[in-house]
Amino acid sequence: MASDKNYLNFVLEQLSDLDGVTYRAMMGEYIIYYQGKVIGGIYDNRFLLKQTKSSKKLLSDAPLELPYDGAKEMLLADIENKELMNELIPEMAEELPTQKKS
C-alpha cells in the first residue's frame, strides 16, 4: 500500500521547526532527509527512522518494523511528539553519513 500525500504533509508539518527537512517520492513512498542525510521515510503511512545510537536511546520503546520486504528494520517513530522529533533528528543526523552525489 502506498503512503498518501496527506500523511506526508502531516509529517512535514510536525518537522517544520527543523531547517533542512526535505523528501523524495520513491515508488509510492517517501524518503525523508535532514540536511542532506537520509534519516528515514514514510512507508505505508508509517514514519520510520533509521536505527542510530540516538534513535535507539530516545525511542527505546518504539517497535522495530520493516519498511518493505528485504529491508533493514527501522524504528516506528511517534511523529505526534513534535518536541521529541525536534530533539532526535538533529542528533541522528550527526551520526549518519553524508549522502554521495551521483
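As a starting point, this report considers the structure included with it. Residue positions within a chain follow its written sequence, with the count starting from 1. Local features are withheld for residues below a pLDDT of 70 in this predicted model, meaning they are given only at 70 or higher, and side-chain atom pairs are given and counted only at 80 or more; totals for whole chains, interfaces and linings count all residues. Hydrogen atoms and water are omitted, and side-chain values are computed over all heavy atoms in the structure.

So, on to the environment of Gly 36. Assignment of secondary structure puts Gly 36 in the loop between β2 (29-34) and β3 (37-43). Buried means the residue's accessible area, taken with a 1.4 Å probe over protein chains only, is under 20% of the maximum for its type, while exposed means over 50%, and partly exposed covers the values in between. Given a relative accessible area of 41%, Gly 36 falls into the partly exposed group. Note: C-alpha distance between Gly 36 and Thr 98 (62 residues apart in sequence) is 6.9 Å. Strands are runs of DSSP state E lasting at least two residues, helices are runs of H or I lasting at least four, and both sets are numbered from the N terminus onward.

With that settled, the discussion passes to helix α1 (residues 5-14). Given 3.6 residues to a turn, an α-helix orients residues that are three or four positions apart in the same direction. Taken as a whole, α1 has its buried residues at Tyr 7, Leu 8, Val 11 and Gln 14. Down the axis of α1, the smallest arc covering the buried residues is 125°, so these residues share one side. Contacts are assigned to residue pairs with any non-hydrogen atoms lying within 4.5 Å of each other. Where α1 is buried, its residues contact β1 (21-26), β2, β3, β4 (46-49) and α3 (82-95). At the N-terminal end of α1, a side-chain oxygen is found 3.1 Å from the backbone nitrogen of Asn 6, two or three residues along, and the residue is Asp 4. Our arc is simply the arc of the directions from the helix axis toward the C-beta atoms. Each polar contact in these results corresponds to two N or O atoms within 3.5 Å; when the atoms are within protein, one needs to be able to donate a hydrogen and the other to accept it, and residues that are neighboring in sequence are counted only if both atoms are side-chain atoms.

The next thing to look at is the nonpolar core. Definition used in this section: a nonpolar core is a set of buried Ala, Val, Leu, Ile, Met, Phe, Trp, Tyr and Cys residues joined via side-chain atoms within 4.5 Å. Counting 25 residues, the largest nonpolar core has Leu 15, Phe 47, Leu 49, Leu 59 and Met 85 as the members making the most contacts within it. Listing elements by their share of this core, those giving two or more residues are α1, β2, β3, β4 and α3. Among the elements that line this core, the one with the most residues is α3, at six residues. Once you skip the residues sitting within four places of it in the chain, Leu 15 turns out to touch Val 21, Ile 32, Phe 47, Ile 79, Met 85 and Ile 89.

A word on the environment of Met 26. Assignment of secondary structure puts Met 26 in strand β1. Given a relative accessible area of 34%, Met 26 falls into the partly exposed group. Separated by 20 residues in the primary sequence, Met 26 and Arg 46 place their C-alpha atoms 15 Å from one another.

You will see that Asp 44, though not glycine, has its phi angle at about 50°, which is positive. Relative to the assigned elements, Asp 44 resides in the loop between β3 and β4. In the Ramachandran plot, Asn 45 falls in the positive-phi region, its phi being about 55° despite a non-glycine side chain. Here Asn 45 shows up in the loop between β3 and β4.

Our next topic: the sheet that holds strand β5 (residues 64-65). Ordered by their spatial adjacency, six strands build an open sheet running β1-β2-β3-β4-β6-β5, and the pairing between neighbours is antiparallel. Each having just a single partner strand, β1 and β5 make up the two edges of the open sheet. Pairing between two strands requires that DSSP report at least two bridges joining them. Sheet topology note: the β5/strand β6 (residues 74-76) ladder contains two bridges and is antiparallel. Looking across to β6, one finds that Leu 64 is bridged to Leu 75. Each axis is a line fitted through C-alpha atoms, and for a helix only the stretch in contact is used; angles between axes span 0 to 180 degrees, taken between their N-to-C directions. Against the sheet, α1 contacts β1, β2, β3 and β4, and its axis sits at roughly 160° relative to β1.

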